[in-house]
Amino acid sequence: MYIKNLKILVLLSFGFLMIALGMYFDGKNISNKSSSEVLFPSFDDVLPEIAYIEFSNQNDSTIIELINDQWLLSNSDNFPVNTELLSRFFIQLREANIVEPKTNLPNLLFKLGLDDENKSKLILKDKTGESILTLDLGIYNYNIPGSYVKFADTNQSLLVSTNLTTDTSPFYWMPNDLINIGSSTIKNVQIYNNNQMINLLN
């Protein structure tokens with residue numbers, strides 16, 4: 001009877017030990033995740049100061065400026081910007097955490113899409129034209145997932161946790177609707193041409 005009770009006590013002690021170890025390592029994992037370095041820690045502070053946004057590569061460029069309290073494509077006849085797309089990108093930038101550093105060898109940056117021929121560049125400036133951020137954007141790795149980036153003044157590449165790839169063409173940033181009216185609300189469309197009317201019914 002004594003031996004049986006001793007075995008039960010040993011098994012219980014072993015079980016409590018395993019639970020304690022599990023809680024310890026879970027806590028370590030949570031701590032590591034919470035302590036991961038943010039790519040752009042001052043984002044919330046500088047966001048109200050941003051007045052100039054540039055996305056560019058070797059073939060194309062988009063320049064977005066805050067003009068009279070409206071975001072406009074200043075290098076494309078001041079067309080309005082698709083602010084939904086812009087907001088999505090800035091959310092990705094704000095939430096980007098550094099997963100790990102990658103190569104700092106210039107001859108290997110092409111593997112990450114960060115060489116001069118393949119990289120895109122993000123430039124943020126304030127109203128006075130002073131630089132806030134200049135970031136080189138590489139490819140998005142769907143297997144991890146995450147994006148490769150580096151600050152423009154260094155060769156040290158980084159893997160970050162969000163998708164920071166984007167299009168540098170101004171057409172991408174233009175709104176894709178002339179007037180945002182749902183088709184269900186349109187009952188009748190009239191088109192006039194050379195004193196002739198075409199009537200379209202929904």
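Since this is a predicted model, take the numbers as computed values, not measurements.

Q: Could you clarify how one ought to interpret the nonpolar core in this entry?
A: What tends to happen in soluble globular proteins is that the nonpolar side chains get buried as a cluster. Within the largest apolar cluster, 28 residues are counted, with the highest numbers of intra-cluster contacts made by Leu39, Leu93, Leu122 and Leu164. The set of elements that each furnish at least two residues to this core consists of α2 (43-46), β1 (52-56), α3 (83-94), β6 (120-125), β7 (131-141) and β9 (158-160). A per-element tally of this core places α3 first, with five residues. Setting aside residues no more than four positions away along its own chain, Leu164 makes contact with Leu39, Phe89, Gln92, Leu93, Ala96, Leu135, Leu137, Ser147 and Val149. With five residues, the next largest nonpolar core counts Leu109, Leu112, Leu114 and Leu159 among its residues.

Q: Mind showing me how you'd approach the environment of Pro170 here?
A: Tracing the sequence through the fold places Pro170 in helix α4 (residues 170-173). The exposure class assigned to Pro170 is buried, which follows from its relative accessible area of 9%. Along the backbone, Pro170 and Phe55 are 115 residues apart, and their C-alpha atoms lie at a distance of 9.1 Å.

Q: Even after reading the chapter, I still don't get the packing of aromatic side chains, so can you show me in this structure?
A: Geometry of an aromatic ring pair is reported as the spacing of the ring centres plus the angle between the planes. Tallying each qualifying case throughout the model produces seven aromatic pairs. Taking 5.1 Å as the distance between ring centres and 90 degrees as the angle between the ring planes, the aromatic pair formed by Phe55 and Phe89 counts as edge-to-face. Taken together, the positions of Phe55 in strand β1 and Phe89 in helix α3 put the pair 34 residues apart, joining distant regions of the chain. Phe55 sits in the buried class, given a relative accessible area of 0%.

Q: So what exactly am I meant to see when it comes to the environment of Ile67 here?
A: Looking at where Ile67 falls in the secondary structure, it is placed in strand β2 (residues 61-67). Exposure remark for Ile67: the relative accessible area of 27% places this residue in the partly exposed category. Between the alpha carbons of Ile67 and Asn78 there is a distance of 9.0 Å; along the sequence they are eleven residues apart. Those residues in contact with Ile67 that lie beyond four places of it in its chain are Leu72 and Asn78.

Conventions adopted
Residues numbered from 1 in each chain as written. Predicted model: local features only at pLDDT ≥ 70, side-chain atom pairs only at ≥ 80, totals over all residues. Heavy atoms only, no water. Core = buried A, V, L, I, M, F, W, Y, C linked by side-chain atoms within 4.5 Å. Buried < 20%, exposed > 50% of the residue type's maximum accessible area, 1.4 Å probe, protein only. Helix = DSSP H or I, 4+ residues; strand = E, 2+ residues; numbered from the N terminus. Contact = heavy atoms within 4.5 Å. Phe/Tyr/Trp six-rings, centres within 6.5 Å; stacked < 30°, edge-to-face > 60°.

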